[in-house]
Amino acid sequence: MNRPTDRYRELAARYGTPLYVYDLDLVDEGHRALADAVPEGIELYYAFKANPHPGVARALREGAGGGARPCRAEISSPGELDSALAAGYTAAECLYTGPGKTASELEYAIGRGVRIFSVESYTDLQHVGAAALRLGAVARCLLRVNSAGTKAATTGIRMMGKPSQFGIDSETLPELMPLLTSVPGTEVVGAHFFTMSNAVDEAGLVGEFERTVISAVQLAEEVGLPLELLDIGGGFSSPYAVPGERAEYPKLASELERILDLHLPEWRAGTPRLAVESGRYLVGGSGFLVSGVVNVKDSRGNRFVILDAGINTLGGLSGLGRLLPAAVQLDGAEPEQRASLVGPLCTPGDSLGRDVQLPELAPGDVVVVPNVGAYGVSASLLGFLSRPAPVEVLVRGGEVVSATRLELVRTAAAEAAQAAQAAGAAGAAAR
Ligand SMILES: *Cc1c(COP(=O)(O)O)cnc(C)c1O
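Residues numbered from 1 in each chain as written. Predicted model: local features only at pLDDT ≥ 70, side-chain atom pairs only at ≥ 80, totals over all residues. Heavy atoms only, no water.

In the annotation of an unreviewed UniProt entry, the entry for the protein chain reads Type III PLP-dependent enzyme, and the organism field reads Kitasatospora phosalacinea.

This is the structure we're talking about:
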């Protein structure tokens, strides 16, 4: 792919570095790719933790200029909910997830109209119910299931099937089901599976979805798991902070149709409604980190290229608890030397890559890290060393459409009781 580096140099001169550039045309491309990879009738949820920028999220809701069905929002905090609402998502389009939902965030979400929650334990469901009752609402809940005894796909990060803070162990459902379906303030309407992330191998992904569907159908038949909405998760893969293209899944759509026709023959009529989720596949390819070279230093035979972007700007938490394997590679870099790529922070941990192929570089040069539209700013140590957050520029059709910067500000803390009251009042106002 031809990427105009002059363009980045120009943006760097205009806004300073470090700088994130998100190309909304490439967001549309990721959106279309996911929409095409799964059957038409399956809803798409955008995982806000990948990149909560409202401009990026808005593009996904607007449906690739009419070329793809709109995404819904998978959110997991009041801040992500605020981003979703700011991006034009309605509360009804939000699915609220997470293993540690607090009373105050639940009241905040329900107060703003969110009604669909993924719950990760009986206690979590009780917490959702209690918050809903306080606000006179009924929360429609998906039971997140931690399936037992399925065989792992060959690639990616496995999240389920072993002890986990995520999901309800499937083997406990026969005993728990009567309790789960009688929590005041809640109605269990479906199930949520999210078993893996970043599956490069198509056969592995298909196998995982098949096991998920079989497991859901079994639980529906054997323990009465309601299946109005079945979220079968994701695992769609995209490169992170190195050049490359997102994975292709040419057979996935037809394979999923085969699996669903076999196990859930009414699915085309919307029984159940089906959903998949993704962060990185939708937006990973849309983002570029433009960073300035501050210094080039030789030490005992090793070269260090010191950038103005470190782990405060590219934290490397590429999702799901996995740390960056310290292996950033630059876009369009002619290999002329090998050096360590490090940031400006006062810690040896501020490394973006050891022994990286780099062009000749000097202070004042600009470098570009590709494929950081997901898990870039949102997965960075923004507060560490108290440096400013990077500017985030949105580009559409080659033109800048917005340039903003997150700011951490210290404010006086409200006392908890006051905060709870404010949340309650917000809830009452929203009703
Ligand atoms: C993080 C997360 C996602 C997105 O993961 P990607 O690998 O970015 O697609 C989707 N669903 C849930 C429940 C998650 O926690």
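Moving on, we get to the overall build of the protein chain. The helix and strand tally for the protein chain stands at eleven helices and 19 strands. Expected size for 431 residues packed as a compact globule is a radius of gyration near 22 Å; at 23 Å, the protein chain falls within 12% of this value. Once the C-alpha set of the protein chain is aligned to its principal axes, its extents read approximately 65 × 55 × 45 Å. The buried share of the protein chain, taken over its 431 residues, is 54%. Intrachain contacts of the protein chain at a sequence separation of at least 6 include 74% that bridge at least 24 residues. When the accessible surface of the protein chain is summed, it comes to about 18,300 Å², and 52% of that surface belongs to carbon and sulfur atoms. Averaged over its 37 positive side-chain charges, the protein chain has a centre that lies 4 Å from the centre of its 50 negative ones. (Helix = DSSP H or I, 4+ residues; strand = E, 2+ residues; numbered from the N terminus. Rg over C-alpha atoms; globule rule 2.2 N^0.38 Å. Buried < 20%, exposed > 50% of the residue type's maximum accessible area, 1.4 Å probe, protein only. Contact = heavy atoms within 4.5 Å. Areas by Shrake-Rupley, 256 points an atom, 1.4 Å probe, with all protein chains shown as cover. Lys, Arg positive; Asp, Glu negative; His and termini not counted. Charge placed at Lys NZ, Arg CZ, Asp CG, Glu CD.)

In this section: the site of the ligand. In the vicinity of the ligand, twelve residues are found, and the nearest of them are K49, S197, E277, R280 and Y375. E74 places a side-chain nitrogen or oxygen 3.1 Å from a nitrogen atom of the ligand. Burial of the ligand by the protein chains amounts to 95% of its free accessible area of 390 Å². In terms of residue class, the shell around the ligand is built from four nonpolar, four polar and four charged. (Near = heavy atom within 4 Å. Polar contact = N/O pair within 3.5 Å; in protein donor to acceptor, adjacent residues only side chain to side chain. Nonpolar A, V, L, I, M, F, W, Y, C, P; charged D, E, K, R; others polar.)

Often, the extent of an interface is quoted as the loss of accessible area on bringing the components together. Along its sequence, the protein chain is organised into domain 1 (26-284) and domain 2 (285-405). Between domain 1 and domain 2, the residue contacts involve 25 residues of the former and 31 residues of the latter. The contact between domain 1 and domain 2 buries some 2,200 Å² in all, and 56% of this surface belongs to carbon and sulfur atoms. Taken together, the links from domain 1 to domain 2 amount to one salt bridge. D28 is the salt-bridge partner of R396, the closest N and O atoms lying 2.7 Å from each other. For the pair domain 1 and domain 2, the number of links is 16 residue pairs in polar contact (both at pLDDT 80 or more). Among the residues forming the side of domain 1 that touches domain 2, the class breakdown is 15 nonpolar, seven polar and three charged. (Domains from an automatic or database assignment. Buried area = accessible area lost by both parts, 1.4 Å probe. Salt bridge = Lys/Arg side-chain N within 4 Å of Asp/Glu carboxyl O.)

A few words now on the nonpolar core. Of all hydrophobic cores here, the largest spans 110 residues; its most connected members are Y46, F117, F236 and L314. Each residue touching F236, except ones within four places of it in the same chain, is listed here: L34, V38, N198, L205, F209, Y249, L252, V276, E277, S278, R280 and Y281. (Core = buried A, V, L, I, M, F, W, Y, C linked by side-chain atoms within 4.5 Å.)

On to the packing of helix 5 (residues 103-111) against helix 6 (residues 122-134), then. Running from N to C, helix 5 and helix 6 point in directions that differ by 50 degrees, and their axes come no closer than 9 Å. What the angle tells us is that helix 5 and helix 6 run oblique. Crossing of helix 5 over helix 6 shows right-handed handedness. Here helix 5 contributes A103, L106, E107 and I110 to the contact with helix 6, which in turn contributes H127, V128, A131, A132 and R134. Here the contact of helix 5 with helix 6 is composed, by residue class, of six nonpolar, one polar and two charged. (Axes fitted to C-alpha atoms, helices over the stretch in contact; angles between N-to-C directions. Parallel < 35°, antiparallel > 145°, perpendicular 65-115°, else oblique. Left-handed = near helix turned anticlockwise from the far one by under 90°.)

Applying the stated criterion across every chain yields a total of nine aromatic pairs. Ring centres of F236 and Y249 lie 6.1 Å apart, and the angle between their planes is 70 degrees; on these two criteria the pair is classed as edge-to-face. One end of the pair, F236, is in the loop between strand 11 (229-231) and helix 9 (252-263); the other, Y249, is in the loop between strand 11 and helix 9, with 13 residues separating them in the sequence. Comparing F236 with Y249, the two get one shared label, buried. Chaining the aromatic ring pairs together yields one cluster made of F209, F236, Y249 and Y281. The ring of Y108 is capped by R112, whose NZ or CZ atom sits 3.7 Å from the centre of that ring. (Phe/Tyr/Trp six-rings, centres within 6.5 Å; stacked < 30°, edge-to-face > 60°. Lys NZ or Arg CZ within 6 Å of the ring centre and 35° of its normal.)

Here the focus is the pattern of salt bridges. Across all of its chains, the model carries 20 salt bridges by this definition. In this structure, the salt-bridge partner of D124 is K101, at a minimum N-O distance of 2.7 Å. In this pair, D124 is assigned in helix 6 and K101 in the loop between strand 4 (94-96) and helix 5, connecting sequence segments 23 residues apart. Comparing D124 with K101 shows no difference in burial state: the two are buried. Linking R268 and D261 is a salt bridge whose minimum nitrogen-to-oxygen distance equals 2.9 Å.

Okay, helix 9 next. Taking 1.5 Å of rise per residue, the twelve residues of helix 9 would be expected to cover 16 Å, and the 16 Å separating its terminal C-alpha atoms lies within 8% of that figure. Turning to helix 9, its buried residues are L252, A253, L256, I259 and L260. Along the long axis of helix 9, the arc covered by the buried residues comes to 125 degrees, so they all point the same way. Buried residues along helix 9 sit against helix 2 (24-37), helix 8 (202-223) and strand 12 (273-278). (Expected span 1.5 Å × (residues − 1). Arc of directions from axis to C-beta.)

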